[in-house]
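A look at the structure
Letter by letter, the chains look like this.
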Amino acid sequence: MSETRSDAELLRAIAADADRRAFEELYRRYAPWLTARLRGRCADAGIVDDVVQETFLAVWRGKARYREEAGTGDAAGWLWRIGSRRLVDALRGDGARGRLRQALARLRHRDEASAEERVLAGVEHGDLAGALVRLSPELRAVLQATVIDGLTTREAAVLLGIPAGTVKTRAMRARKQLREALA
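Calculation rules
Residues numbered from 1 in each chain as written. Predicted model: local features only at pLDDT ≥ 70, side-chain atom pairs only at ≥ 80, totals over all residues. Heavy atoms only, no water. Patch = residues over 30% accessible without salt bridge, like charges linked within 9 Å, V, L, I, M, F, W, Y side chains within 5 Å. Areas by Shrake-Rupley, 256 points an atom, 1.4 Å probe, with all protein chains shown as cover. Salt bridge = Lys/Arg side-chain N within 4 Å of Asp/Glu carboxyl O. Lys, Arg positive; Asp, Glu negative; His and termini not counted. Charge placed at Lys NZ, Arg CZ, Asp CG, Glu CD. Helix = DSSP H or I, 4+ residues; strand = E, 2+ residues; numbered from the N terminus. Buried < 20%, exposed > 50% of the residue type's maximum accessible area, 1.4 Å probe, protein only. Axes fitted to C-alpha atoms, helices over the stretch in contact; angles between N-to-C directions. Parallel < 35°, antiparallel > 145°, perpendicular 65-115°, else oblique. Left-handed = near helix turned anticlockwise from the far one by under 90°. Contact = heavy atoms within 4.5 Å. Nonpolar A, V, L, I, M, F, W, Y, C, P; charged D, E, K, R; others polar. Phe/Tyr/Trp six-rings, centres within 6.5 Å; stacked < 30°, edge-to-face > 60°. Lys NZ or Arg CZ within 6 Å of the ring centre and 35° of its normal. Core = buried A, V, L, I, M, F, W, Y, C linked by side-chain atoms within 4.5 Å. Expected span 1.5 Å × (residues − 1). Arc of directions from axis to C-beta.

A surface patch of like charges, here negative, comprises Asp44, Asp50, Glu54 and Asp89. Checked against the element boundaries, Glu54 lands in helix H3 (residues 45–61). Relative accessible area serves as the criterion here: at 40%, Glu54 is assigned to the partly exposed category.

Another point: the packing of helix H1 (residues 7–17) against helix H2 (residues 20–39). Put simply, H1 and H2 touch, their axes get as near as 8 Å, and they point 135° apart. Comparing their axes, H2 and H1 come out oblique. For the crossing formed where H1 meets H2, the hand is left-handed. Taken together, the residues of H2 that come into contact with H1 (itself represented by Asp7, Leu10, Leu11, Ala13 and Ile14) are Ala22, Phe23, Glu25, Leu26, Arg29 and Tyr30. Its residues assigned to classes, the contact of H1 with H2 comprises eight nonpolar, no polar and three charged.

The next point concerns the packing of aromatic side chains. Evaluation of the coordinates by the stated rule reveals four aromatic pairs. Ring plane angle 70° and centroid distance 4.9 Å describe the contact between Tyr27 and Phe56, whose orientation is recorded as edge-to-face. Of this pair, Tyr27 sits in helix H2 while Phe56 is found in helix H3, placing the two residues 29 residues apart along the sequence. Classification of Phe56 as buried rests on a relative accessible area of 1%. Each residue in the set Phe23, Tyr27, Phe56 and Trp60 is aromatic and connected to the rest through ring pairs, giving one cluster. Between Arg37 and the ring centre of Trp80, over which it is positioned, the NZ or CZ distance is 3.9 Å.

With respect to the helices and strands, the residue Asp7 is situated in helix H1. On the accessibility criterion, Asp7 (9% relative accessible area) is buried.

Membership of the largest hydrophobic core comes to 26 residues, with the highest contact counts inside it found for Leu26, Tyr30, Leu38, Val52, Phe56, Val59 and Leu87. Within the residue set of this core, elements represented by two or more residues are H1, H2, H3 and helix H4 (74–108). In terms of residues, this core owes the most to one element, H4, which gives eight residues.

Let's shift gears to the side chain of Thr55. Here Thr55 is to be found in helix H3. What Thr55 contacts, discounting residues up to four positions off in sequence, is Leu34, Leu79, Ile82, Gly83 and Arg86.

What follows is about helix H9 (residues 164–182). With 19 residues, H9 extends 27 Å between its outermost C-alpha atoms, agreeing within 8% with the 27 Å of an ideal straight helix rising 1.5 Å per residue. Along H9, the residues that are buried comprise Val167, Ala171, Ala174 and Leu178. Burial along H9 is one-sided: seen end-on, the buried residues are contained in an arc of 65°. Of the exposed residues in H9, those oriented more than 90 degrees away from the buried face are Lys168, Met172, Arg179 and Glu180.

Right, here's the structure in full:
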């Protein structure tokens, strides 16, 4: 019957000896927990799975160093800090790539409306298309990110490169302007 090792013992074995069994045990112990926690922050399961893998890869390769300071409960917090930072980096990376794609698309098709703009322009219920066209580009971008793309306020903030509070304010202003235009 094998003895269950503490988190600190597992981490020491991984760091000192590249102990594969210790790594597998740590992974089994914390990967489901880390995945569940990150999914509370990001709805994209693919991004979350990548972040979990990158987190444990950093542990295996020794890029993340565990410092045993406050005892046994520290490993979960340490893994959470690594994972949450990698999630923010992943979301920022997607946001930057998305903005680059949008900028390139605007350069290629300056006179051509985007697919979203064509769909929204074709809306026949009330004067929604006209009201949307009259919104400023900043307000439309927030609506697209939060309503059409279904992003959370935080995800939209990262995608658009603006603070979360600004996303909330612009979303409120956009909804108010739409209500007034459609009244």
